[in-house]
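# Structural features, examined
What follows is the residue order along each chain.
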Amino acid sequence: MDFLANHIEALIFCSQKPITDKEVKDCLTEMFEAEVPLKDIHDAIAKLQEKYKSEEYAFEPVQSGGGFQFLTKPAYQASIGILLKQQSKKRLSNSALETLSIIAYRQPITKGEMEQIRGVNCDYSVQKLLEKELIEIKGKSDAVGRPIIYGTSQNFIDYFGINDLSELPTLKDFEQKENEIGEEKE
């Protein structure tokens, strides 16, 4: 029975959505090339649920959405909430990434210069990048109106896992050779 429970545990664990007992049965039947009774599957799932009731585990198999899936126990909701909040803060939209790349490669740069390159207003992206502390104000330009100059911050370097700006990829890193098909002739 442990053998069957281990296979069911693996199926529940790797399923991206709740897996039904019928899906479990179909998988096991194909794998063992023999019919696996639903009663044995239900007994194995009950055994798994009993195993994961222990305080030793932070998650458990739960029946939800018409099937079974591993869910974190309610006692760990606060720490998971903090992690998800932190991860959502780290995501950047495409417009923010475009703006950030312009700043990284052209710094020090004004918002007007960014907008000239992108062809759209950059106010929102710049504000979000400032909030995430990926860019910082480096000063004011001597140009008319004395616009603010932006550059990347230390957090930018940490976020992208580089040691300094010289490690940013260059244009030639992205260039493709004109004829890559076929053999190279000397």
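The present account deals with the structure reproduced in this document. Keep in mind that what you see is a predicted model, and the values were worked out from it rather than measured.

Looking only at helices and strands, the protein chain features nine helices and five strands. Going from the N terminus to the C terminus, the protein chain shows its helices and strands as α-α-α-β-β-α-α-β-α-α-β-β-α-α. The contacts in the protein chain between residues at least 6 apart in sequence include a share of 42% that link residues at least 24 apart. Split by element, the accessible area of the protein chain, about 13,400 Å² in all, is 52% carbon and sulfur.

This part covers the packing of aromatic side chains. What the rule picks out here adds up to seven aromatic pairs. With centroids separated by 5.7 Å and ring planes inclined at 45 degrees, the aromatic side chains of Phe-3 and Phe-32 adopt a geometry described as tilted. Remark: Phe-32 occurs in helix α2 (residues 21-32) and Phe-3 occurs in helix α1 (residues 2-14); sequence separation between them is 29 residues. For the pair Tyr-52 and Phe-70, a centre-to-centre distance of 5.2 Å together with 70 degrees between the ring planes defines the contact as edge-to-face. One end of the pair, Tyr-52, is in the loop between α3 (38-51) and β1 (59-64); the other, Phe-70, is in strand β2 (residues 67-72), with 18 residues separating them in the sequence. By relative accessible area, Phe-70 is classed as buried at 17%. Grouping aromatic residues by their ring pairs yields a cluster made of Phe-13, Tyr-52, Tyr-57, Phe-59 and Phe-70.

What follows covers the side chain of Thr-152. Inspection of the secondary structure puts Thr-152 in strand β5 (residues 148-152). Overall, the relative accessible area of 6% leaves Thr-152 in the buried class. When residues no more than four places from it in sequence are discounted, the contact partners of Thr-152 are Ile-103, Ala-104, Gln-107, Leu-134, Ile-135, Glu-136, Lys-138 and Leu-165.

Here we take up the pattern of salt bridges. By the definition in use, this model includes twelve salt bridges. One salt bridge in this structure joins Glu-23 and Lys-17, with 3.5 Å as the shortest N-O distance.

Definitions and limits used
Residues numbered from 1 in each chain as written. Predicted model: local features only at pLDDT ≥ 70, side-chain atom pairs only at ≥ 80, totals over all residues. Heavy atoms only, no water. Helix = DSSP H or I, 4+ residues; strand = E, 2+ residues; numbered from the N terminus. Contact = heavy atoms within 4.5 Å. Areas by Shrake-Rupley, 256 points an atom, 1.4 Å probe, with all protein chains shown as cover. Phe/Tyr/Trp six-rings, centres within 6.5 Å; stacked < 30°, edge-to-face > 60°. Buried < 20%, exposed > 50% of the residue type's maximum accessible area, 1.4 Å probe, protein only. Salt bridge = Lys/Arg side-chain N within 4 Å of Asp/Glu carboxyl O.

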